[in-house]
Amino acid sequence: MNTVHKATSAVPTSYGASERPPRGDYARAGQVHADYTCPQNYAAYTEQDHDTYRRLYERQAALVPGLACDEFIAALPALGAKDRIPRFEDINARLYKATRWEIVAVPGLIPEVPFFTLLANRKFPVTDWLRTPAEFDYIVEPDVFHDLFGHVPLLFNPVYANHIQDYGKGGLKAFGLGACEQLSRLYWYTIEFGLMRQTNGLRAYGAGILSSGGELQYSVHSEKPNRIALSPERVMRTRYKIDSYQQTYFVIDSFQQLFDLTAPDFTPLYQRVKAQSELAADARLPEDATIAP
Ligand code: PHE
Ligand code: FE
């Protein structure tokens with residue numbers, strides 16, 4: 001019968017309202033589009049997910065005064081809900097008005113070209129699933145907390161927002177030039193782990209730092225890591241660690257400076273970098289402009 005047939009076949013709700021969104025499910029019963037975006041599947045978050053998000057937000061929000069850059073602190077309230085995972089459409093109502101950016105749900109990390117294409121179109125991909133309570137302090141891949149708390153507040157800042165769009169366009173160009181690795185190092189050491197020198201001292205603007213319980217304090221205050229004034233060439237030569245605190249942080253003075261340093265055509269720079277030796281994550285060069293914590 002028609003009704004039975006309908007009820008047992010692919011009505012596109014891939015999992016029940018009490019199951020968490022599965023990580024790494026790039027099929028999702030046909031819900032993932034060709035551009036890798038998918039519905040947020042809000043009904044699939046469990047009460048435990050909402051509680052984990054609430055605790056993550058509470059811990060991180062308490063850490064940001066004095067450690068996060070002023071632009072981030074000013075924009076954080078625009079995320080909305082603190083006690084539950086926010087609905088992306090609610091954030092978008094505010095974000096689009098502020099900078100004409102939107103966030104879109106994705107099932108996890110996506111390939112380079114679709115990633116750059118979304119950014120070039122002012123769409124920021126946000127992973128929709130949340131870490132388990134066992135991963136409260138540390139998670140190896142981005143989840144909805146990292147993506148929302150770390151990346152989205154700064155998209156309310158016009159200069160930063162334009163920079164991320166240019167990064168997306170630059171990524172598509174780098175792909176054509178075989179230079180994604182070089183460009184991804186720039187992303188890593190700026191968008192993910194960047195520090196900014198403000199009038200009241202060093203502050204974090206990198207999403208990987210802002211969403212980390214331990215590295216926020218470490219990156220700003222520890223005597224151990226190198227802190228070097230941002231040079232795109234130096235950064236593009238430098239490998240990075242994905243499983244420990246960074247051994248080197250690169251420091252900007254403002255988002256406008258970041259925008260200006262990355263505005264020139266990178267084609268000759270990629271060529272120069274590829275001809276040079278790579279540097280270890282903890283390397284120090286005589287010409288590095290070091291910055292005290
Ligand atoms: N200016 C870079 C190029 O020509 C593109 C870019 C812009 C890269 C902003 C990163 C950030 O390739
Ligand atoms: Fe990130």
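Quick caveat: nothing in here was measured; it's all calculated off a predicted structure.

1. Observations regarding the sheet that holds strand β3 (residues 195-198)
In any sheet, the strands associate via hydrogen bonds between backbone groups, in a parallel or an antiparallel arrangement. Pairing in this open sheet of 4 strands is mixed, and the strands run β4-β3-β6-β5 from one edge to the other. The sheet is open, and its two borders are formed by β4 (201-204) and β5 (226-229), each paired with just one other strand. Here the strands of the sheet are splayed against their neighbours by 35 degrees on average, with no regard to which way each runs. Sheet topology places β3 next to β4; 4 bridges connect them, and they run antiparallel. Along β4, the bridge assignment pairs Met196 with Arg203.

2. Remarks on the site of ligand 1
For ligand 1, the full set of nearby residues is His163, Asp166, Tyr167, Gly170, Lys173, Leu183, Leu186, Thr262, Ala263, Pro264, Asp265 and Phe266. One nitrogen or oxygen atom from the main chain of Thr262 is found 2.6 Å from a nitrogen atom belonging to ligand 1. When ligand 1 is considered free in solution it has 330 Å² of accessible area, and contact with the protein chains removes 93% of it. Those elements giving two or more residues to the shell around ligand 1 turn out to be α7 (158-176) and α8 (180-192). Of the residues contributing to the shell around ligand 1, the split by class is 6 nonpolar, 3 polar and 3 charged.

3. Examining helix α2 (residues 47-63)
When the terminal C-alpha atoms of α2 are compared, their 25 Å separation across 17 residues agrees well with the 24 Å that a helix rising 1.5 Å per residue should span. Asp49, His50, Thr52, Tyr53, Leu56, Tyr57 and Gln60 are the residues of α2 that are buried. Angularly, the buried residues of α2 cover 160 degrees about the axis, an arc narrow enough to put them on a single face. Along α2, the residues that are exposed and aim more than 90 degrees away from the buried face are Glu47, Glu58 and Ala62. Residues of α2 that are buried make contact with α6 (144-151), α9 (207-210) and α10 (215-221).

4. Concerning the pattern of salt bridges
Scanning the entire structure with this criterion turns up 17 salt bridges. Between Arg23 and Glu141 there is a salt bridge, with its nearest N and O atoms 4.0 Å apart. Here Arg23 is found in the loop between α1 (2-8) and α2, whereas its partner Glu141 is found in the loop between β2 (123-127) and α6, with 118 residues between them in sequence. Relative accessible area serves as the criterion here: at 31%, Arg23 is assigned to the partly exposed category. A salt bridge links Arg54 to Glu58, with the shortest nitrogen-to-oxygen separation between them at 3.9 Å. Placement of the pair is Arg54 and Glu58 together in helix α2, with a separation of 4 residues, close to one helical turn. On the basis of relative accessible area, Glu58 is assigned to the exposed category, the value being 53%. By sharing partners, the salt bridges in this structure join Asp51, Arg54, Arg55 and Glu58 into a single network.

5. Let's talk about the packing of aromatic side chains
Applying the stated criterion to the full structure yields 18 aromatic pairs. For the ring pair Phe72 and Phe149, a centre distance of 5.6 Å and an interplane angle of 55 degrees mean the geometry is tilted. Of the two residues, Phe72 sits in helix α3 (residues 70-75) while Phe149 sits in helix α6, which places them 77 residues apart along the sequence. Phe72 gets classed as buried once you look at its relative accessible area, which sits at 0%. Aromatic ring contacts, followed pair by pair, group Tyr53, Tyr57, Phe72, Phe145 and Phe149 into a single cluster. Looking at Arg87, its charged tip hangs above the ring of Tyr42, at a distance of 4.0 Å from the centre.

6. Details of a nonpolar patch on the surface
There is a patch of nonpolar side chains on the surface, built from Val113, Leu172 and Phe175 and spanning about 230 Å² of accessible area. Relative to the elements of secondary structure, Phe175 occurs in helix α7.

7. Examining the confidence of the model for the chain
Looking at the chain, the pLDDT average stands at 92 and 92% of residues meet or exceed 70. For the stretch residues 1-18, pLDDT sits under 50, and the model shows 18 contacts to residues farther than four places along the chain or on other chains.

Calculation criteria
- Residues numbered from 1 in each chain as written.
- Chains lettered and ligands numbered in written order.
- Predicted model: local features only at pLDDT ≥ 70, side-chain atom pairs only at ≥ 80, totals over all residues.
- Heavy atoms only, no water.
- Pairing = 2+ DSSP bridges.
- Helix = DSSP H or I, 4+ residues; strand = E, 2+ residues; numbered from the N terminus.
- Axes fitted to C-alpha atoms, helices over the stretch in contact; angles between N-to-C directions.
- Near = heavy atom within 4 Å.
- Polar contact = N/O pair within 3.5 Å; in protein donor to acceptor, adjacent residues only side chain to side chain.
- Areas by Shrake-Rupley, 256 points an atom, 1.4 Å probe, with all protein chains shown as cover.
- Nonpolar A, V, L, I, M, F, W, Y, C, P; charged D, E, K, R; others polar.
- Expected span 1.5 Å × (residues − 1).
- Buried < 20%, exposed > 50% of the residue type's maximum accessible area, 1.4 Å probe, protein only.
- Arc of directions from axis to C-beta.
- Contact = heavy atoms within 4.5 Å.
- Salt bridge = Lys/Arg side-chain N within 4 Å of Asp/Glu carboxyl O.
- Phe/Tyr/Trp six-rings, centres within 6.5 Å; stacked < 30°, edge-to-face > 60°.
- Lys NZ or Arg CZ within 6 Å of the ring centre and 35° of its normal.
- Patch = residues over 30% accessible without salt bridge, like charges linked within 9 Å, V, L, I, M, F, W, Y side chains within 5 Å.
- pLDDT = per-residue confidence, 0-100.

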